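Spelled out, the chains give:
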Amino acid sequence: INHGVDGFLVDTSSKEAEVSGFEAHLSALIENRDLRISMGLKAQDRVRRDFNCDFTVGIYADALREIIERGQVPKDEREILAAVRPQMASTGVPQ
């Protein structure tokens, strides 16, 4: 999430901070129609761009190909995810 662009982030260090942040951001969206529309459209664009099936499958396929080429066959899904994380991070896609 790009704070203030396609969504909001809140401080989760305490319940009070989390609730306060959520309330402030929700109020901003309720009070500002242009912000709602702009943020919603930007969020939709980002999801279409960064979370489509072809893109995600490509990342997993590249990572698994690299693992197999190194002779490291993953034993379970935890090892697969550990191998894919660096490739996901390099694309800017949240993990």
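The text that follows walks through the structure, step by step, so that each part is easy to find.

What counts and how
- Residues numbered from 1 in each chain as written.
- Predicted model: local features only at pLDDT ≥ 70, side-chain atom pairs only at ≥ 80, totals over all residues.
- Heavy atoms only, no water.
- Patch = residues over 30% accessible without salt bridge, like charges linked within 9 Å, V, L, I, M, F, W, Y side chains within 5 Å.
- Areas by Shrake-Rupley, 256 points an atom, 1.4 Å probe, with all protein chains shown as cover.
- Salt bridge = Lys/Arg side-chain N within 4 Å of Asp/Glu carboxyl O.
- Helix = DSSP H or I, 4+ residues; strand = E, 2+ residues; numbered from the N terminus.
- Buried < 20%, exposed > 50% of the residue type's maximum accessible area, 1.4 Å probe, protein only.

**What about a nonpolar patch on the surface?**
Argument step 1. A surface patch of nonpolar side chains, amounting to about 370 Å² of accessible area, comprises Val10, Phe22, Leu26 and Ile30.
Argument step 2. Structurally, Ile30 can be placed in helix α1 (residues 15–31).
Argument step 3. Accessibility expressed as a relative area gives 59% for Ile30, which makes it exposed.

**Focus: the pattern of salt bridges**
Oppositely charged side chains can pair when the atoms bearing their charge come close.
Argument step 1. Counted under the stated rule, the structure contains 6 salt bridges.
Argument step 2. A salt bridge links Asp45 to Arg48, with the shortest nitrogen-to-oxygen separation between them at 3.8 Å. Taken together, the residues Asp45 and Arg48, both in helix α2 (residues 33–50) and 3 residues apart, mark about one turn of the helix.
Argument step 3. On the basis of relative accessibility, which here comes to 45%, the residue Asp45 falls in the partly exposed class.
Argument step 4. With relative accessibility at 55%, the residue Arg48 sits in the exposed group.

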